[in-house]
Amino acid sequence: MASLVNAVRNIMSDGWWFIKIAVLMIPVYLIMENEQMQSEILGSNLPVLFVLCILYLGCASVMMNRNINNKTPILPGILTIPEIIIKSVGCAICMFPGAAILAFCCSFIKANIVLEEPFAMFVLYTCVVIFFVPFILIPAVLYSVNGKITDAAKINKVFAASGNFVVAFLSFVIQYLFMFLLFAFLIYRVLIEMLGEGNPGIPVLYAFVIVVTFLLIFSFSSDLYEDVIPHIKSKRDIL
């Protein structure tokens, strides 16, 4: 059964998981550590951030493909770079419609709906995001099974799985908040108490949390394949 623990086990089943995650952390760490780089990437060099995010999607797609098809190692390596590039484009295309509609809805809410209580606005945005999560992640999982965009376009399968996917994803979020994020916060407090506010361990911790959280979301989503997400024909069925 899919859970945060199983998602972590998936990642740690790779014998080189720590080194591979450390490599993925490098761009995130450099951006967070360098204020000038932050301003450049979020300003004039915004396309660089966009390309970086697309490549991370490629890594997630490769991981999901290997998890679903029981391939090892589960995390991509140097020799997987061509596959990462191909799957990054395919995965981004499959996730774009749901992400675009979500962005439009959030923009519409920001421009037209004003609630006095900040918590009420937070709840509203959370509900909207959770509603659209299946239409972003399920196509990514379906695409990653065989690397075919046409698989992600099977709207009937996306709608059939969306309700149960939301329930499972909420369970994952609760587990994440009370296990992983709480553990990360404890490490943060230890670093602050021992080394002070400006110590270099804080950006490293932030980068680790961002990268691992990203991988956990997609690892968990791929665990829902054939459980919540309907099965589609794959190469292993033919074999």
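Right above here is the structure, for reference.
Caption draft 1: Inspection of the overall build of the protein chain at higher detail. Secondary structure summary: the protein chain contains 11 helices and zero strands in total. Order of helices (α) and strands (β) in the protein chain, N terminus to C terminus: α-α-α-α-α-α-α-α-α-α-α. Against the globule reference of 18 Å for 239 residues, the protein chain gives a C-alpha radius of gyration of 19 Å, in line with a compact fold. Its C-alpha atoms put the protein chain at 60 × 50 × 35 Å along the principal axes.

Caption draft 2: Geometry of the packing of helix α7 (residues 134–146) against helix α10 (residues 201–223). Running from N to C, α7 and α10 cross one another at 70°; their axes reach a closest spacing of 10 Å. Here α7 is positioned roughly perpendicular relative to α10, judged by the angle of their axes. Note on packing geometry: the crossing formed by α7 with α10 is right-handed. Across from L137, A140 and V141 in α7, the residues of α10 making contact are I217, F218, S221 and S222. Class assignment of the residues belonging to the contact of α7 with α10 gives a composition of five nonpolar, two polar and no charged.

Caption draft 3: Expanded view of the packing of aromatic side chains. In the structure shown here, the tally under the stated rule is 14 aromatic pairs. An angle of 90° between the planes, with centres 5.7 Å apart, marks the rings of W17 and F18 as edge-to-face. Under the relative-accessibility criterion, F18 is labelled exposed at 54%. Relative to F135, the ring of F131 lies with its centre 6.1 Å away and its plane at 45°, an arrangement referred to as tilted.

Caption draft 4: Inspection of unusual backbone geometry at higher detail. Cis peptide bonds are those with omega within 30 degrees of zero, and the linkage from T72 to P73 qualifies with -10°. Assignment of secondary structure puts P73 in the loop between α4 (46–68) and α5 (81–112). Even without a glycine there, the phi angle at N70 is positive, about 55°. Secondary-structure assignment places N70 in the loop between α4 and α5. A positive phi angle, close to 70°, is found at E226, a residue other than glycine. Assignment of secondary structure puts E226 in the loop between α10 and α11 (235–238).

Caption draft 5: Expanded view of the packing of helix α9 (residues 155–195) against α10. It is at 11 Å that the axes of α9 and α10 come closest, and there the two elements cross at 165°. When the axes of α9 and α10 are compared, the pair comes out roughly antiparallel. Considering the relative orientation of α9 and α10, their crossing is right-handed. Of the residues in α10, those in contact with F165, A168, F169, F172, Y176, F180, L181, A184, I187, Y188, L191 and I192 of α9 are G201, I202, L205, Y206, F208, V209, V212, T213, L216, I217, F220 and S221. Along the lines of polarity and charge, the residues of the contact of α9 with α10 split into 21 nonpolar, three polar and no charged.

Caption draft 6: Geometry of α7. For α7, which comprises 13 residues, the first-to-last C-alpha distance of 19 Å matches the rise-based estimate of 18 Å (1.5 Å per residue) to within 8%. Taken across its 13 residues, α7 has 13 buried, putting it largely inside the fold.

Caption draft 7: Geometry of the pattern of salt bridges. Under the definition given, this model contains four salt bridges. Its salt-bridge partner being K20, residue D14 comes within 2.9 Å of it at the nearest N-O pair. As far as the burial class goes, D14 and K20 line up, both buried. A salt bridge links K87 to E83; its shortest N-O distance comes to 3.1 Å. Of this pair, K87 and E83 both sit in helix α5, separated by four residues, roughly a single helical turn.

Here is what the cut-offs are and how they apply
Residues numbered from 1 in each chain as written. Predicted model: local features only at pLDDT ≥ 70, side-chain atom pairs only at ≥ 80, totals over all residues. Heavy atoms only, no water. Helix = DSSP H or I, 4+ residues; strand = E, 2+ residues; numbered from the N terminus. Rg over C-alpha atoms; globule rule 2.2 N^0.38 Å. Axes fitted to C-alpha atoms, helices over the stretch in contact; angles between N-to-C directions. Parallel < 35°, antiparallel > 145°, perpendicular 65-115°, else oblique. Left-handed = near helix turned anticlockwise from the far one by under 90°. Contact = heavy atoms within 4.5 Å. Nonpolar A, V, L, I, M, F, W, Y, C, P; charged D, E, K, R; others polar. Phe/Tyr/Trp six-rings, centres within 6.5 Å; stacked < 30°, edge-to-face > 60°. Buried < 20%, exposed > 50% of the residue type's maximum accessible area, 1.4 Å probe, protein only. Expected span 1.5 Å × (residues − 1). Salt bridge = Lys/Arg side-chain N within 4 Å of Asp/Glu carboxyl O.

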